[in-house]
Amino acid sequence: MTDRSRARRSAPRPETSPPALAITVRAQSRQWRTLGNLAVLRALVTQATQAALAVSPLQPLDGAELSLLLTDDRRIRIVNRDWRGFDKATNVLSFPAAPPDRIATSPMLGDIAVAYETIEREAQAEGKSLADHLSHLVIHGLLHLLGEDHESEAEAQRMESLEVAALARLGIADPYADGELVARPQANAPASPQAPLSPQAPNRDQPPRS
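Residues numbered from 1 in each chain as written. Predicted model: local features only at pLDDT ≥ 70, side-chain atom pairs only at ≥ 80, totals over all residues. Heavy atoms only, no water.

J.: Mind showing me how you'd approach the nonpolar core here?
T.: Proteins that are soluble and globular tend to have nonpolar side chains buried together. Among the nonpolar cores identified, the biggest contains 37 residues, and Val 114 and Leu 142 are the most heavily contacted of them. Look past the residues within four positions of Leu 142 in its chain and what remains in contact with it is Leu 21, Thr 49, Ala 52, Leu 53, Leu 66, Leu 109 and Ile 112. Core analysis: the next-biggest nonpolar cluster, separate from the first, contains six residues, Leu 69, Ile 76, Phe 95 and Ala 113 among them. (Core = buried A, V, L, I, M, F, W, Y, C linked by side-chain atoms within 4.5 Å. Buried < 20%, exposed > 50% of the residue type's maximum accessible area, 1.4 Å probe, protein only. Contact = heavy atoms within 4.5 Å.)

In structure tokens, the structure reads:
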């Protein structure tokens, strides 16, 4: 019996790289300078998006555009009030550009807005670094753009597990180990019309998500 040489045997397939996004990062508040200049912020955001894409079941079009707005509590409260009906600041809002069945072909992925003061307070209360918490919320926001949600218990558990897996790729500990960070459904929540985050942003087909 003739045995094939090892050199001719099939080699393991390398892990498929996630698609590259065209990311625009804009700092609307000077408070974000505590984490570094725009290049530092962009690098942190890019690492978080790559980690999220690596675990997401749905993948966007290669080169799809993603806009990230680093803002403050005052401005995000206005957006949250006008487009979600909640007159309060929140940590992150996502504006999907396409429904899940069109994500793979849409040149626009969507927008994410993150408020500095809120996530700074959360990071301090949870004993974690601001950079790690920002990474978590970017991952959370991007998973929303990729069709994930937490309107039901099952959806929330699925989304949390994806976040934990993405954070592990960045060496960040499980944020849900001691409790829940994903907001559960609210009774009698108002309808959520959508709007762009800035005059330059395109119109969105989907409601914003937090």
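J.: Is there a simple way to explain the pattern of salt bridges in this structure?
T.: Should the charged atoms of two oppositely charged side chains come close, the side chains can pair. If you walk through the whole model with that rule in mind, you get six salt bridges. Of the charged contacts, one joins Asp 87 and Arg 77 as a salt bridge, the two residues approaching to 2.9 Å between their closest N and O atoms. Of this pair, Asp 87 sits in the loop between α2 (73-84) and β3 (92-96) while Arg 77 is found in helix α2, placing the two residues 10 residues apart along the sequence. With relative accessibility at 40%, the residue Arg 77 sits in the partly exposed group. The salt bridge involving Glu 126 is made with Lys 128; its shortest N-O contact spans 3.1 Å. Overall, the relative accessible area of 33% leaves Glu 126 in the partly exposed class. (Salt bridge = Lys/Arg side-chain N within 4 Å of Asp/Glu carboxyl O. Helix = DSSP H or I, 4+ residues; strand = E, 2+ residues; numbered from the N terminus.)

J.: Sorry if this is basic, but what is going on with helix α5 (residues 153-169) here?
T.: Residue pairs three or four apart in sequence face the same way in an α-helix, which turns once every 3.6 residues. The first and last C-alpha atoms of α5 sit 25 Å apart over 17 residues, in line with the 24 Å expected at 1.5 Å per residue. Taken together, the buried positions of α5 are occupied by Ala 156, Met 159, Glu 160, Leu 162, Glu 163, Ala 166 and Leu 167. One face of α5 carries all of its buried residues, which in axial projection span an arc of 165 degrees. Away from its buried face, by an angle of more than 90 degrees, α5 presents the exposed residues Ala 154 and Ala 168. (Expected span 1.5 Å × (residues − 1). Arc of directions from axis to C-beta.)

J.: Help me understand the packing of aromatic side chains, please; the structure alone is not making it clear to me.
T.: The relation between two aromatic rings is expressed through the spacing of the ring centres and the mutual angle of the planes. Taken as a whole and assessed by the stated rule, the structure comprises one aromatic pair. Taking 5.1 Å as the distance between ring centres and 85 degrees as the angle between the ring planes, the aromatic pair formed by Trp 32 and Tyr 116 counts as edge-to-face. Residue Trp 32 is located in the loop between β1 (22-27) and α1 (38-55), and its partner Tyr 116 is located in helix α3 (residues 116-126); the two are separated by 84 residues in the primary sequence. Over the ring of Phe 86 we find Lys 88, and its NZ or CZ is 6.0 Å from the ring centre. (Phe/Tyr/Trp six-rings, centres within 6.5 Å; stacked < 30°, edge-to-face > 60°. Lys NZ or Arg CZ within 6 Å of the ring centre and 35° of its normal.)

Read these as layout, nothing more, since geometry by itself doesn't imply function.
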